Amino acid sequence: MKKKDVPQDQNSIFEGETKAVYAISEKGKIEIAQSSGWDVEAVVLKQAIEEIERHACDALNRAHSGETSALEYHMYAQRMDMTILAQASGRFKWQIQRDFNPKRFNKLSKRVLEKYADVLGIDVETLVRLPK
């Protein structure tokens, strides 16, 4: 895309922020250009956010009914999925899946809980609780 064609669609989802994108200058060189977003991108981003919020709501309901642990809810609430949580925590996806079991989660060591909490950007006390 040419630098002069970089989308500048002002959209509230980006909250006035801009981002850097690569574009071709008038001299034919690849340069960094600022973009305030693109309407199509905003629609897709909004859909993705709604989907992960739906996963968080489902996980919260299942956690309240004892079908999953608070870990699954907090993972989605922090806009992560199992792959991202595994990469960030240094644990395997099968270990995280196992930790979704409430009985297993309640027996996790303080060290493992602290690692999850650190990766999720919350404290251990918040990690082991569920919102109402």
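Structure: above.
Along each chain, numbering runs from 1 in the same order as the chain's sequence is written. Under the rules for a predicted model, residues below a pLDDT of 70 receive no local features and side-chain atom pairs below 80 are neither given nor counted, while totals for whole chains, interfaces and linings still include all residues. As a rule here, side-chain values come from all non-hydrogen atoms in the structure, and water together with hydrogens is ignored.

(A) Main features of the side chain of Ser35. The residue Ser35 is located in strand β2 (residues 30–35) in this model. With near-sequence residues (within four places) excluded, Ser35 lies in contact with Val6, Pro7, Gln8, Thr18, Lys19 and Val21. The way it works is that DSSP assigns letters per residue, a run of H or I at least four long becomes a helix, a run of E at least two long becomes a strand, and they are numbered from the N terminus. The contact criterion used throughout is that any non-hydrogen atoms of two residues lie within 4.5 Å.

(B) Representation of the pattern of salt bridges. By salt bridge we mean one thing: a side-chain nitrogen of Lys or Arg within 4 Å of a carboxyl oxygen of Asp or Glu. Taken as a whole, this structure holds 12 salt bridges when the rule is applied. Three or more residues joined by partner-sharing salt bridges are found here, namely Glu51, Arg54 and Asp58.

(C) Up close: helix α1 (residues 39–64). Take the residue count of a helix, subtract one, and multiply by 1.5 Å to get its expected span. For α1, built from 26 residues, the straight-helix expectation of 38 Å at 1.5 Å per residue is met to within 8% by its first-to-last C-alpha distance of 37 Å. Listed in full, the buried residues belonging to α1 are Ala42, Ile49, Ile52, Ala56, Ala59, Leu60 and Ala63. Where the residues of α1 are buried, they touch α2 (70–77). Phi turns positive, to about 85°, at Gly66, one or two residues after α1. Each residue's exposure class comes from its accessible area (1.4 Å probe, protein chains only) as a fraction of the maximum for that residue type: buried when under 20%, exposed when over 50%, partly exposed otherwise.

(D) How the structure looks around the packing of helix α3 (residues 82–89) against helix α6 (residues 110–120). Axes here mean lines fitted to C-alpha atoms, for a helix over just the part in contact, with angles spanning 0 to 180 degrees between N-to-C directions. With their axes 10 Å apart at the nearest point, α3 and α6 run at an angle of 115° to one another. Looking at the two axes, α3 sits roughly perpendicular to α6. In the packing of α3 onto α6, the handedness of the crossing is right-handed. Contacts between α3 and α6 involve Leu85, Ala88 and Ser89 from the first element and Lys115, Tyr116, Val119 and Leu120 from the second. Three classes are used, and their members are as follows: Ala, Val, Leu, Ile, Met, Phe, Trp, Tyr, Cys and Pro are nonpolar, Asp, Glu, Lys and Arg are charged, and the others, Gly among them, are polar. Partitioned by chemical class, the residues of the contact of α3 with α6 number 5 nonpolar, 1 polar and 1 charged. Here the angle decides the label: under 35 degrees means roughly parallel, over 145 means roughly antiparallel, 65 to 115 means roughly perpendicular, and every other value means oblique. Crossing handedness: left-handed means the near helix sits turned counterclockwise from the far one by under a right angle, and right-handed means the same turn made clockwise.

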